[in-house]
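# Understanding the architecture of this molecule
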Amino acid sequence: MRNSLQLLFGAINQAQNEQDLRSRVVPKLGEYFVAKKWGVFFFDQLRFADSKLQKILQVGLSIEHNPVVRYLVERHAPVHEALVASPNVWRMICPRPDHWHVMAGPIVSNGQLVGVVGFTREQTMTAFDVHNLADLSALCLHLSIWNATVRSRYQPLKSDRLTSRELQIAELVALGYTNAEIGHKLWIQENSVKQALKRMFRKLEVSSRAEMVAQLAAVTQRSSPTTEQSNLMLNTYLG
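Anyway, here's the lowdown on the structure attached to this text. (Residues numbered from 1 in each chain as written. Predicted model: local features only at pLDDT ≥ 70, side-chain atom pairs only at ≥ 80, totals over all residues. Heavy atoms only, no water.)

Here we come to the pattern of salt bridges. The final tally for this structure, using the stated rule, is seven salt bridges. Taking the shortest distance from any N to any O, the salt bridge between E18 and R22 comes out at 3.1 Å. Remark: R22 and E18 occur in helix 2 (residues 18–32); sequence separation between them is four residues, near one turn of the helix. Since its relative accessible area comes to 16%, E18 is described here as buried. (Salt bridge = Lys/Arg side-chain N within 4 Å of Asp/Glu carboxyl O. Helix = DSSP H or I, 4+ residues; strand = E, 2+ residues; numbered from the N terminus. Buried < 20%, exposed > 50% of the residue type's maximum accessible area, 1.4 Å probe, protein only.)

Two elements in contact, helix 8 (residues 164–174) and helix 9 (residues 179–186), have axes whose closest approach is 10 Å; the angle formed by their N-to-C orientations is 130°. Considering the angle they form, helix 8 stands oblique to helix 9. Relative to helix 9, helix 8 is oriented so that their crossing is right-handed. Of helix 9, the residues touching helix 8 (which contributes R165, Q168, I169, L172 and V173) are I182, K185 and L186. (Axes fitted to C-alpha atoms, helices over the stretch in contact; angles between N-to-C directions. Parallel < 35°, antiparallel > 145°, perpendicular 65-115°, else oblique. Left-handed = near helix turned anticlockwise from the far one by under 90°. Contact = heavy atoms within 4.5 Å.)

And the structure:
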């Protein structure tokens, strides 16, 4: 089992992108933990689900409804259902026969829970135990590192949602210009600047000029990697 775990570490490290991870690594995770169902889920993808599925997820993945999720959110540590609920209580929470035993682990980035690795077993199968949790903890560490060094590089930046005109406005906001001054410089009405800023806030998911400027500044830093980061990228591609 230890050798198999080391092979999984290597497979995660060698995955070049998310498609590679899902095709080459995720099936091996299910085999390793002898699961009925399993998967790797990144939260930034859930917003693309249809409205009906989103409602189901909001209930099933809510902190109030699901103690497994609450444990993950509060502790950022692997958990199985027996740690947080009695068998009878768990059956009330999740009555599905293919989810009789459930185990999940966190994928973390910048101190935030950004994804989950999940496994289920049927009633006739052996329950997840402390050894499974220890192995999952190690795998989640590697997946979190992979997410930070590989997957995040291929996620579209929120600033990419801005038009060229909106980027001009953002630059002037960063320089401290008022809406009236921005309108004068760009030859547009002050009200047009206000409406543009509202659209930009929605696109960038911010609520103030300061948040917008801070986010765009972070993007600028991210687009200019340090020498150490560049070496890491080369090692990833060439390794």
